[in-house]
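# Analysis of the macromolecular model
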Amino acid sequence: MILLRLISWQYARKHKVRMLLTTAGIILGVAVFVGMHTANQSVLFAFQKTIDRIAGSTQLQITAGEPGFDEEVLEKVQNAEVVRVAVPILESTVTTNLKGQGNLLILGVDMTGDRGLREYDLEGGGDDAVEDPLVFLAQPDSLIITKPFAEKNGLRTGSKLPMGTMQGEKEFTVRGIMKSGGLTSAFGGNLAVMDIYAAQKIFGRGRKFDRIDVGLKEDVTLDAGKAAIEKIVGPGFQVEPPSSRGQQFEATASIYSLVSSITSIFALFIGMFIIYNTFAIAVTQRRSEIGILRALGATRKQIRVLFLTESAITGLFGSLLGLLFGILIARALAGYLSVLLGELYGLTQRAEEISLDPRLIAFAVTIGVITSVIAGVLPARQAAAVDPVRALQKGKQQSLSEGENRVRRWAALVCVVLCAICIYFSLYRPAFYAGFMLAVLAALLLSPALSLWISRLIRPILKWLRPVEGSLAADSLIQAPRRTSGTVAALMLSLALVISLAGIARASYDSLKSWLDVALNPDLFVTTSESITSRSFVFPAAIGDEL
Amino acid sequence: MIDLAKVSKQFEGKRKVTALETIDLHIAKGEMVSLIGPSGSGKSTLLNLIGGLDKPSAGEIRIDGELLSGLSDDALTKVRRDKIGFIFQFFNLLPTLTCVENVSLPLHLRGWPRKKIEDRAKELLGLVKLEKRLDHLPEELSGGERQRVAIARALSVFPPILLADEPTGNLDSTTGIEILKLIHDLHDRLGATILVVTHDRSVAESCPRTISLKDGHVIQDVRR
C-alpha cells in the first residue's frame, strides 16, 4: 500500500492527462453500459407503474388482439364462479388538438361496476358525476380528466375539450377532475375517463370491448382463476395479469439493451487495449525505478502486485467516473427512449426518476475493474521480469517485447480454420457469432506480427521522407511490437465496431426495404390513425364501398 | 563475510563475452576493500554478483555463510534486502520522493511500522548531515548531497555489507573526497564490510585493502 502512495501515486500525479486518457476506455464502456441499461430500466419501471395505476386492483385482463371482442363475452365472464368483479374496458389514443399536449389516452369504462377495481378520487363538486353514474351515462360527452392535465391546460369542471373522433373534431365536457395519485400520474396525466358505451360510438368500435378487467374472489388463486376463465372464453383470448403488458414492453426495450451491451463490451475491449498500451509504455519509462526497487529489496511479486493494483485502481476510478457519466447518459436517454417507445405505443410515459439498480452498479464496476486488471497482467509481468542490473545501467535499453512468437501464429491459424468452419455453417446463428469472435481473436493474435511486418515495410518509406526522424520512428515501432500492436489492436477493434454496426444497420435497412417492396405493393395506405401499432378508430364497414 | 570460489561469469549474445574467470576471493567481516581496474575489467560485474543482482555462470558465492548459488529470485532478494546496502555512481534516487521518503523506501519494503521508519530515516539523514534537507526533492540537492541521501538509504537497515559502485565517479573532486571521508567515517563507526568499486587510484588507495582486476582476473591483492 505504501508503495502505491510513494511510487504509483507520484507517477500518476506527474502524468495526469495520460492517466485520464488511459481510463477513458473504461469510462466509456461503463458509462454506455450503465446509461443504456439504467435508461431502459427506468422507462420500463415507469411504464410498469403506469400499467399498475391504470389496472388498479385488477388481477387478470382478458384481451383478444387489436380488433377486440363482442360484448357477450363480458356476461360469460361475469357469471364465472371464480370472478368477483369483471368490467369492460375500451382504450383509445386520441389527439387533443391542445397545443403541445400531444395524445391523450381515453379509458372507456363502465362506471356502474368499474369502481370495484379502480379509485376515482374526484375533487370539488365533480363527485356527483360518479356518485350517480346515470348522470355520467346520460351525457355521452362527459369526460373525467386528471388534475395535472387540467392544471396544464387551465381546465375546470364544465370546461370544453376538443378531440379528434370518428365523427370529426368534437367537443367534450369535463365533468370531473381526478385528484393526484393513482390513475392521475399515468402517462404524465395525459389520461381521461369516459363512459365505455359512448366511447364505442365515438371511436367507431361497434359493440366491442378491448379488454375485460377481472377481480377474482378472495379464495381463488391467480392460476386457478386464469385457468377457469380461459376455459370459459375459449381459444383466441389472452388471459394474463396486468404485469404481462410490461413484459411485452420489456421485449421491445431488450433490443436496445442488447445493442447497447454489445457497444459497451466493445468499448471496454478497446479500453483494455488502451490500458495495456499505456501500462506497457509506463513499464518502459519506469524501468530505472523498477530496477532501483529491485536492488533495494523489492521482490518480483511486490512489483507485479504494484502494477496490478495500479491497473485495478485505474479500473475502479474509470468505473466510478463511468457510473457518473452513465447516470447522465441514462437521464438523456430515458427521454429519448420514452419518445421512441411512445411512438410505438401511442403515448409517451416519461421516466420521472432514474432508478439505479445496485446489482447493475456492482456488475458494471466489477467488469470495469476486471477489464483493467486483465489489461495490466502482461505489463505487470514485464515489470516483474525487469533485470535490475540492466535497468540500472545508464544508456542500456532492455527490450521488453519479445516480438511475435510461433505459438501465437499457430493459435491464430487454428482460429482462422475454426472461423471458416463456423462461417460455412453461418445459417445457424450461434455458429455465425462464434465465427465473428474467432475472426476478431485471430486478428488480435496476429496483430503483433502484422504490426512488426508493416513497421519493417514502412521503414524505408519513412527513412526516405525524413532520414533521421523517420528511421527513429520506425525503429521505435519495430523494437516494441507488442506495445505497437496494442495501439493497432485498439484501433482495429474500434474500426471493427463501427464497420460491424454500420453493416448491421445497412443489412437491416436493405432487408426491410426488400420486404416492403415484396410484401407491401399498394401505392397508398388509408389508415384510421397515425400509429400503425395502436389504432384509435375502426373504419365503418361502409367506407370500403365509398373508397 | 564474502567468499567467492572459482566464480566465472559469461554473457551470452552474438558473441560470448567472459567478464570474470575463476575468481577466488575472501573478504573478512568489517574489512574495507577497494576494487580497481580499467573499464571492462569486470569490477562492476563482480559487485553485482556479490550483491545478488546477477548470478555467476560457474562457481560459488557465500554471503555471511549463505550460499547464493541455487537460491530462488525471492531468496536472493531477501539476502539483498537484509544483508546488503548499495551505493550507486548515479545515486539512483527516486526523483519524485523527498529525502526522507527515499531513505524510507527499503524499510517500507521490509514492512517496518511507519513511525519506526520515520524515526530511522531522520536518524540516518542526521548521520550524513542532511537533517535540514528532510523534505527536499533530489532535484533540489547538490550532487554531493544526493550521494549522501543514497548512502543514508544504503544504511537504512544497517546492513553488514555495503557495496559502493564508483561512489565518487559522478562528483567533483572536493565533493568526492567529502563522500569518501563519510564512507570511511561510517565504516569506523558502524563496522560494516565495505567494498568500493573505483577506477580512481586515490580512492582505491584510501582503503586498507585493494584488489586489482584486469580482463576478468584478479591481478593484485594489496593490504596496507
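Relevant structure appears above.
Description of the structure in this document. Counting from 1, residues in each chain are numbered in the order their sequence is written. Numbering of ligands from 1 and lettering of chains from A proceed in the order in which they are written. Owing to the predicted nature of the model, reporting of local features is limited to residues with pLDDT of at least 70; listing and counting of side-chain atom pairs is limited to 80 or more, with chain, interface and lining totals taken over all residues. The basis for every side-chain value is the complete set of non-hydrogen atoms in the structure, without hydrogens or water.

## Some points on the overall build of chain B
Counting from the N terminus, the helices are DSSP H or I runs at least four residues long and the strands are E runs at least two residues long. Within chain B, the regular secondary structure consists of seven helices and ten strands. Two residues form a contact once any of their heavy atoms are found within 4.5 Å. Within chain B, contacts between residues at least 6 apart in sequence are counted, and of these 69% link residues at least 24 apart. Values of accessible area rely on a 1.4 Å probe in the Shrake-Rupley scheme; residue burial ignores everything except the protein chains shown. Accessible area of chain B: about 9,900 Å², with a carbon and sulfur share of 49%.

## A few points about the environment of G215 of chain A
All names here are of chain A. Along the chain, G215 falls in strand 10 (residues 211–216). Through-space distance from the C-alpha of G215 to that of V87 is 8.9 Å; in sequence the pair is 128 residues apart. Contact partners of G215, with chain neighbours within four places excluded, come to Q59, V83, R84, V85 and L117.

## Quick notes on the sheet that holds strand 10 (residues 217–223) of chain B
Residue and element names in this part refer to chain B. Whether two strands pair comes down to DSSP finding at least two bridges between them. Taken together, six strands build an open sheet; the order of strands is 6-7-8-3-9-10 and the sheet is mixed. Single-partner strands in this sheet number two, and they are strand 6 (84–87) and strand 10. Across this sheet, the average inter-strand angle for adjacent strands is 15 degrees, counted without regard to direction. The sheet contact formed by strand 3 (residues 32–36) and strand 9 (residues 209–214) spans four bridges and is parallel. Within strand 9, the residue paired with S34 across the bridge is T210. To get an axis, fit a line to the C-alpha atoms, keeping to the stretch in contact for a helix; angles then go from 0 to 180 degrees between the N-to-C directions.

## Notes on helix 14 (residues 406–424) of chain A
In an α-helix there are 3.6 residues to a turn, and that puts residues three or four apart on one side. Residues and elements named next belong to chain A. Its 19 residues place the ends of helix 14 27 Å apart at the C-alpha level, agreeing with the 27 Å of an ideal helix rising 1.5 Å per residue. For each residue, the accessible area found with a 1.4 Å probe, counting protein chains only, is set against the maximum for its type, and the residue is called buried under 20%, exposed over 50%, and partly exposed in between. Of the positions making up helix 14, those classed as buried are R408, A412, C415, C419 and C422. Down the axis of helix 14, the sector holding all buried residues measures 85 degrees, keeping them to one side. With respect to the buried face of helix 14, the exposed residues turned more than 90 degrees away are R406, W410 and Y424. Helix span, as expected, comes to 1.5 Å for every residue beyond the first. In this description, the arc belongs to the directions extending from the helix axis to the C-beta atoms.

## Considering the side chain of T77 of chain B
Of note, T77 of chain B is situated in helix 2 (residues 73–83). Counting of polar contacts relies on pairs of N or O atoms within 3.5 Å, with two restrictions inside protein: one atom must be capable of donating a hydrogen and the other of accepting it, and residues adjacent in sequence are counted only when both atoms are side-chain atoms. Polar contacts involving the side chain of T77 of chain B include one to the main-chain carbonyl oxygen of D73 of chain B, which spans 2.7 Å. Discounting chain neighbours no more than four positions away, the residues touching T77 of chain B are R294, G297, A298 and T299 of chain A.

## Here we look at the packing of aromatic side chains
Residue and element names in this part refer to chain A. Each Phe, Tyr or Trp ring, with Trp reduced to its six-membered ring, pairs with another whose centre is within 6.5 Å; inter-plane angles below 30 degrees give stacked pairs, above 60 give edge-to-face pairs, and intermediate values give tilted ones. Counted according to the given criterion, the structure contains five aromatic pairs over all chains. Aromatic side chains F33 and F363 sit 5.6 Å apart centroid to centroid with 45 degrees between the ring planes, which places their arrangement in the tilted category. Residue F33 is located in helix 2 (residues 16–55), and its partner F363 is located in helix 12 (residues 358–384); the two are separated by 330 residues in the primary sequence. Centre to centre, the rings of Y424 and F425 are 5.1 Å apart; their planes meet at 90 degrees, and the pair counts as edge-to-face.

## Thoughts on the interface of chain B and chain A
Taken together, the 24 residues of chain B in the interface contact 23 residues of chain A. Joining two parts hides part of their accessible area as seen by a 1.4 Å probe, and the buried area is that hidden amount summed over both. Between chain B and chain A lies a buried interface of about 2,200 Å² when both sides are counted; carbon and sulfur atoms form 65% of it. In this assembly, chain B and chain A are joined by five residue pairs in polar contact (both at pLDDT 80 or more). Elements with a contribution of two residues or more to the side of chain B that touches chain A: helix 2 and helix 3 (99–109) of chain B.

## A short note on helix 15 (residues 429–465) of chain A
Within helix 15 of chain A, the axis deviates most sharply at S447 of chain A, by approximately 50 degrees, and proline P448 of chain A lies no more than four positions further along. All buried positions along helix 15 of chain A are accounted for by A431, G435, L438, V440, A442, L444, S447, P448, A449, S451, L452 and S455 of chain A. We define the bend at any residue as the angle between the axes fitted to the seven residues before and including it, ending there, and the seven starting there.

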